[in-house]
Amino acid sequence: MNTKFDELLEFPCRFPFKVLGLADERLPDLVVEVLQQHAPGDYSPQVRPSSKGNYHSVSVQVMVQSKEHVELLYRELGNIELVKYVL
């Protein structure tokens, strides 16, 4: 992944992640589980259902340490079975 996060952000910083996935009650817990593995902290994800209720978006702020840390979190969150997109 070749991003410009290092040019745009000053690390460490809080970074917003929005994870879009299937409407499953496990999704927020799976997102927090991945975050705890790579960026331990106290997380309170906000969950919003799609208009038809088929998908949920999980938004969470994460303290990231570097460009590589952001990229790692994008990859790991995207590897969750229920996840369709990570923004």
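In this text, all values refer to a predicted model and were calculated from it rather than measured experimentally. (Residues numbered from 1 in each chain as written. Predicted model: local features only at pLDDT ≥ 70, side-chain atom pairs only at ≥ 80, totals over all residues. Heavy atoms only, no water.)

Some words on the packing of helix α2 (residues 27–38) against helix α3 (residues 67–78)
Packed helix pairs are specified by the crossing angle of their axes together with the interaxial distance, meaning the distance between the axes.
At step 1: It is the contact of α2 with α3, at a shortest axis distance of 10 Å, that shows an interaxial angle of 145 degrees. The two elements α2 and α3 meet at a crossing, and its hand is right-handed. Residue-level inspection shows Val31, Val34, Leu35 and His38 of α2 in contact with α3, the latter providing His69, Leu72, Leu73, Glu76 and Leu77.
At step 2: Looking at the contact of α2 with α3 residue by residue, the class counts come to six nonpolar, two polar and one charged. (Axes fitted to C-alpha atoms, helices over the stretch in contact; angles between N-to-C directions. Helix = DSSP H or I, 4+ residues; strand = E, 2+ residues; numbered from the N terminus. Left-handed = near helix turned anticlockwise from the far one by under 90°. Contact = heavy atoms within 4.5 Å. Nonpolar A, V, L, I, M, F, W, Y, C, P; charged D, E, K, R; others polar.)

A few points about the side chain of Glu71
At step 1: Within the fold, Glu71 resides in helix α3.
At step 2: At 4.0 Å, Lys67 is the nearest oppositely charged side chain to Glu71, a buried residue that forms no salt bridge.
At step 3: Excluding residues that lie within four positions of it along the chain, Glu71 makes contacts with Met1, Thr3 and Phe5. (Buried < 20%, exposed > 50% of the residue type's maximum accessible area, 1.4 Å probe, protein only. Lys, Arg positive; Asp, Glu negative; His and termini not counted. Salt bridge = Lys/Arg side-chain N within 4 Å of Asp/Glu carboxyl O.)

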